[in-house]
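An overview of the molecular structure
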Amino acid sequence: MSTGSKLEKVREVRLVPVAVVVALVAVGLVALVEKGGPGGAVALGPSPLNPLSYGTRVLYELVRSRYTTYVITSPGELSRVRAGRCVYALVSPERPVVEAEDVLSKLLSGCPDVAILVADEGTGSNSLLRAAGSSISVAGNRVGVLSGGTLSLHPNATIALGGRVYRGALDLASEVSGGRPVGYVEGTAVVVDVNSTEPVRRGTGVVAAEETLGRVRVLVIGDGSVLLNQVLTSNHTEYRELALGIFGSLCDGRPSCTVLLDAIHNPVVSPLEALKAP
């Protein structure tokens, strides 16, 4: 399917009338309250507890179909994890990872081998990468491509993992530096300031990198949108293949691998606050 049709599909998802969005949120909130969740709390953002468009609940269900998978809501829960290999996944955190050293320490205490996935277009997860001693970081800018004088911030990209190459369109992705590059945008890459739409310089086009540091393996993708519910449930199956490819690579083909999806660094609010959210 052409890139144009992909982007059109994404825009169709985003341009749902406000009234419909509010109605869907209201239905979801009623269901959550009736279920009797902790204090009627509602997860927002790319949280594995959020079943709406911008959540990652579908990612949780997809990964759980192959591996033992847990949603982590507090760093203390990591103390109870015991597994041969653990994969800790952080998708577009809306709160900075201020307890990065504590998270990493707990992971290494319970797991002989640890892999860290960061899928983030912002810089809030860089503290976790630094705690692991990684040379990789997310720039927090926006990488696009120029074609015929037209700038697109939804470039196609290729990511090579585990001997396979995955291809898909990114959405407001960031450059990634350091480590061993494994993902590039296709075309003439340019960098755009996060608060602008004007190119500021030529870019490297690197949007994914990996690195192994003793017992810790790190994979960084400068775009969390490829793992969101609305993308994984779309007609574009390449994103589901990419998601499974990511965890297949990080789990190193071990069925006994345990995946830990971070729900610590995205907001949890009351139902009333959720209805007021944009």
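Read on for an overview of the structure. Just so it is clear, the model here is predicted, and its values are computed rather than measured.

For the rest of this paragraph, the subject is the nonpolar core. Here is a general trend for soluble globular proteins: nonpolar side chains tend to be buried in one another's company. Counting 44 residues, the largest nonpolar core has L59, V87, L117, L227, I246, F247 and V259 as the members making the most contacts within it. The dominant element in this core, judged by the number of residues it contributes, is helix α7 (residues 238–250), at six residues. If sequence neighbours within four positions are ignored, V87 has contacts with A115, F247, L250, C251, C257, T258, V259 and L260. One finds C86, A100, V114 and L260 within the second-largest nonpolar core, a separate group that totals 28 residues.

Now for the side chain of S234. Along the chain, the position of S234 falls in the loop between α6 (229–232) and α7. Accessibility expressed as a relative area gives 17% for S234, which makes it buried. Of the polar contacts made by the side chain of S234, one reaches the backbone oxygen of V231; its length is 2.7 Å. At 3.2 Å, the side chain of S234 forms a polar contact with the backbone nitrogen of H236.

Moving on, we get to unusual backbone geometry. One non-glycine residue with positive phi stands out, namely L172, at about 55°. Turning to its location among the elements, L172 is positioned in the loop between β9 (164–169) and β10 (176–177). Although it is not a glycine, D252 sits at a positive phi angle of roughly 55°. Here D252 shows up in the loop between α7 and β16 (258–262).

Glancing now at the sheet that holds strand β4 (residues 113–119). One open sheet accounts for nine strands, arranged β2-β16-β3-β4-β15-β14-β11-β8-β9; its pairing is mixed. In the strand order of this sheet, the two ends are held by β2 (68–72) and β9, each with one partner. Direction aside, neighbouring strands of the sheet carry axes that sit 20° apart on average. Of the strands in this sheet, β2, β3 (85–91) and β16 touch helix α3 (residues 57–64), which is tilted by about 155° from β2. Each of β3, β4, β15 (216–221) and β16 is contacted by helix α4 (residues 100–110), which is oriented at about 145° to β4, the strand it contacts most.

Counted under the stated rule, the structure contains two disulfides. Note that C86 is cross-linked by a disulfide to C111, the S-S spacing being 1.9 Å. Across the S-S bond linking C86 and C111, the dihedral sits near -60°, which makes this disulfide left-handed. With C86 in strand β3 and C111 in the loop between α4 and β4, the pair connects residues that are 25 residues apart, well separated along the chain. We classify C86 as buried; its relative accessible area is 0%. The exposure class of C111 is buried, given its relative accessible area of 1%. Between the sulfur atoms of C251 and its disulfide partner C257 the distance amounts to 2.1 Å. One disulfide, between C251 and C257, carries an S-S torsion of -65° and so falls in the left-handed class. Comparing C251 with C257, the two get one shared label, buried. Ordering the disulfide-forming cysteines of the protein by sequence position, one finds them joined as 1-2, 3-4.

Here β4 lies mainly inside the structure; six of its seven residues are buried. Sheet analysis places β3 next to β4, joined by seven bridges and oriented parallel. Bridge pairing in β4 places V91 opposite A119. In this region the chain leaves β3, passes through α4 and returns to the parallel neighbour β4; the handedness of that crossover is right-handed. Direction of pairing for β4 relative to β15: parallel, over a ladder of six bridges. Bridge assignment links L117 to a residue of β15, and that residue is L219.

Scoring rules and cut-offs
Residues numbered from 1 in each chain as written. Predicted model: local features only at pLDDT ≥ 70, side-chain atom pairs only at ≥ 80, totals over all residues. Heavy atoms only, no water. Core = buried A, V, L, I, M, F, W, Y, C linked by side-chain atoms within 4.5 Å. Buried < 20%, exposed > 50% of the residue type's maximum accessible area, 1.4 Å probe, protein only. Helix = DSSP H or I, 4+ residues; strand = E, 2+ residues; numbered from the N terminus. Contact = heavy atoms within 4.5 Å. Polar contact = N/O pair within 3.5 Å; in protein donor to acceptor, adjacent residues only side chain to side chain. Pairing = 2+ DSSP bridges. Axes fitted to C-alpha atoms, helices over the stretch in contact; angles between N-to-C directions. Disulfide = S-S within 2.5 Å. Right-handed = clockwise from strand over helix to strand, strands pointing away.

Treat this as a map of the structure, not an account of what it does.
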